[in-house]
Each structure stands twice: as structure tokens, then as C-alpha cells.
Amino acid sequence: MKIVKYPHPALRTLAKPVLAIDKDIQLAAGRMLELMYASEGLGLAAPQVALEHRLLVMNFEGDPEKKEAEFVAINPVIVDSKGALNDREGCLSFPGLYQSVRRFKTVTVQAYNLKGELYEMMCHDLPARVWQHEIDHLDGVLFIDKMGSLGRSRSEKDLEQFIADFEKAKKKGDLPPGLEPKL
Ligand code: CO
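Notes on the structure in this doc start here. Keep in mind the model is a prediction, meaning the values are calculated, not measured. (Residues numbered from 1 in each chain as written. Predicted model: local features only at pLDDT ≥ 70, side-chain atom pairs only at ≥ 80, totals over all residues. Heavy atoms only, no water.)

1. Observations concerning the overall build of the chain
Here comes step 1: Helix and strand counts for the chain come out as 4 helices and 7 strands.
Here comes step 2: In sequence order, the secondary structure elements of the chain are arranged as α-β-β-β-β-β-β-β-α-α-α.
Here comes step 3: Each principal axis of the C-alpha atoms in the chain carries an extent, and together these give about 45 × 40 × 30 Å.
Here comes step 4: The buried share among the 183 residues of the chain stands at 44%.
Here comes step 5: For the chain, restricting intrachain contacts to residue pairs at least 6 apart in sequence, the fraction spanning at least 24 positions comes to 62%.
Here comes step 6: Total accessible area on the chain stands at roughly 9,700 Å², and carbon and sulfur atoms take up 53% of it.
Here comes step 7: Of the side-chain charges in the chain, 25 are positive and 27 negative, and the distance between the mean point of each set is 4 Å. (Helix = DSSP H or I, 4+ residues; strand = E, 2+ residues; numbered from the N terminus. Buried < 20%, exposed > 50% of the residue type's maximum accessible area, 1.4 Å probe, protein only. Contact = heavy atoms within 4.5 Å. Areas by Shrake-Rupley, 256 points an atom, 1.4 Å probe, with all protein chains shown as cover. Lys, Arg positive; Asp, Glu negative; His and termini not counted. Charge placed at Lys NZ, Arg CZ, Asp CG, Glu CD.)

2. What to know about the coordination of the cobalt ion
Here comes step 1: Distances from the cobalt ion to its protein donors, Cys91 (SG), His133 (NE2) and His137 (NE2), fall within 2.0 to 2.2 Å.
Here comes step 2: Mapped onto the polypeptide sequence, the residues donating to the cobalt ion form the spacing pattern C-x41-H-x3-H. Here the residue His133 and the residue His137 both occupy positions in helix α2 (residues 125-138), the gap between them amounting to 4 residues, near one helical turn. Both residues of the pair, His133 and His137, count as buried. (Donors = N, O, S within 2.8 Å, 3.2 Å for Na, K, Ca; no water.)

3. A short note on the sheet that holds strand β3 (residues 70-82)
Here comes step 1: The sheet built from 5 strands is open, its strands ordered β1-β2-β3-β6-β7 with antiparallel pairing. Of all strands in the sheet, those with a lone pairing partner are β1 (43-45) and β7 (118-124), marking the two edges. Ignoring strand direction, the axes of neighbouring strands in this sheet form an average angle of 40°.
Here comes step 2: Here β1 pairs with strand β2 (residues 55-59) via 3 bridges, running antiparallel. (Pairing = 2+ DSSP bridges. Axes fitted to C-alpha atoms, helices over the stretch in contact; angles between N-to-C directions.)

4. Let's talk about unusual backbone geometry
Here comes step 1: Backbone torsion omega between Tyr6 and Pro7 reads 5°, so that peptide bond is classified as cis.
Here comes step 2: As for its position among the elements, Pro7 is in the segment before α1 (23-38).
Here comes step 3: One non-glycine residue, Ala50, lies in the positive phi region at around 60°.
Here comes step 4: Considering the arrangement of structural elements, one finds Ala50 in the loop between β1 and β2.
Here comes step 5: Taking relative accessible area as the criterion, Ala50 reaches 44% and is therefore assigned partly exposed.

5. Structural notes on the nonpolar core
Here comes step 1: Among the nonpolar cores identified, the biggest contains 18 residues, and Met32, Leu44, Leu55, Val57 and Val72 are the most heavily contacted of them.
Here comes step 2: For this core, the elements supplying multiple residues, two or more each, are α1, β2 and β3.
Here comes step 3: Setting aside chain neighbours within four positions, we find Leu55 in contact with Ile25, Ala28, Ala29, Met32, Leu44, Ala45, Ala46, Val72, Ala73, Ile74 and Leu138.
Here comes step 4: Listed in part, the 17 residues of the second largest apolar core include Ala45, Val107, Trp131 and Leu138. (Core = buried A, V, L, I, M, F, W, Y, C linked by side-chain atoms within 4.5 Å.)

6. As for the layout of surface pockets
Here comes step 1: One number sums up the size of the largest pocket: a volume of about 410 Å³.
Here comes step 2: In this structure, the largest pocket is lined by 24 residues; those nearest its centre are Gly41, Leu42, Gly90, Cys91 and Leu92.
Here comes step 3: Those elements giving two or more residues to the lining of the largest pocket turn out to be β4 (85-89) and α2.
Here comes step 4: Broken down by element, the residue count for the lining of the largest pocket peaks at 6 residues, all from α2.
Here comes step 5: The volume enclosed by the second largest pocket comes to roughly 320 Å³.
Here comes step 6: Contributing to the lining of the second largest pocket are 14 residues, with Lys2, Ile3, Lys5, Ala169 and Leu175 lying nearest its centre.
Here comes step 7: Classifying every residue of the lining of the second largest pocket by side-chain character gives 7 nonpolar, 1 polar and 6 charged. (1 Å grid on protein atoms, 1.4 Å probe; cavity = no way out; pocket = protein on both sides within 12 Å on 5 of 7 lines; lining within 4 Å. Points joined across faces, edges and corners; volume = space filled by probe spheres on them. Nonpolar A, V, L, I, M, F, W, Y, C, P; charged D, E, K, R; others polar.)

Have a look at this one:
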């Protein structure tokens, strides 16, 4: 398992609801947590490891020691939202790219944990931002789609570099030669 980078087409797929929390899902969640911590991210969504599940892992402190900040979310939904906040945001599929993105300040989310229990939580600011960013991944929506026009134009050089790196990875054989980028 590894993190795919923009413009890998897996990032633009619509993930499918998890119908059963089986060994595969448990194994995937565990490996995603390891990858997220190794990459020093706050969240990771299944499409970022080329899996089509509605599955997320998060740790709002980014600290594997802080288990109280760690969440696995299966079939998550935002059930309420309010306010707005602009802040700097990044993504493990866009290494080195940070831009201001406007998000709801407060969200209430519902999701299932690995035991199949439904939980609900309301959060603000950074955790609310992480939830919104990661749930977007399940719908093939990326933070570059949510940037304002200024942030987006400031990102163009980085995006061109990601596209060039994707083509290089195909030539090297790190990605299948027929894999089509999805911008
Ligand atoms: Co991301």
C-alpha cells in the first residue's frame, strides 16, 4: 500500500459504501494509519491508497501517541455545518503544496467505527477542516477544487510539476504505462 499522488486517477473516483466491516477493512484501516503517521499527515482517505472504500483515518494531533485524537471513519457523513473559516491546507497526495481553503468552521459528522458502532461528533476549526477535506476525497473532490482563484493560480506551477512527475513515474515503470492522469 502506498499513497498515490495527483493526478493519479484513483483520486477522482467515487468511493463505494462499506457494506461489511470485515478483515479487509480492518487491515486497510491499520495500514492506512501507519502510512498516515509515517507521512506526518492528519488524515488519509482510502482513495489516496487506491482503494474504493468510504473509509478514512485521522489523528487531529498528528501524534500516534495521542490515541484520543485518532479516529477511523467508515461511511462518514456531514449531518450539520455552520460558519466559515479560511486557513492553510495541504494534502498527502500533493506533497509540498499548501494554500488557503475556505471550509465550514463547525461540522457535525456521523460515521461507523471499526466495531460497527455509529458515532457522532461535533468539531470546530482544524478537526472540522480535516473531516471536510477527507470526506471530499471519498467523492473524488480535492482541495485544489476548493481553493479560491488566487490560491489556484498560485498552485499552477506545482500542479504542472505533479503532472510531469506522474508521466516520469510511468516511464520508469513505477506506475502502469497506460494509466491516464485525471486532473
Ligand atoms: Co488530502
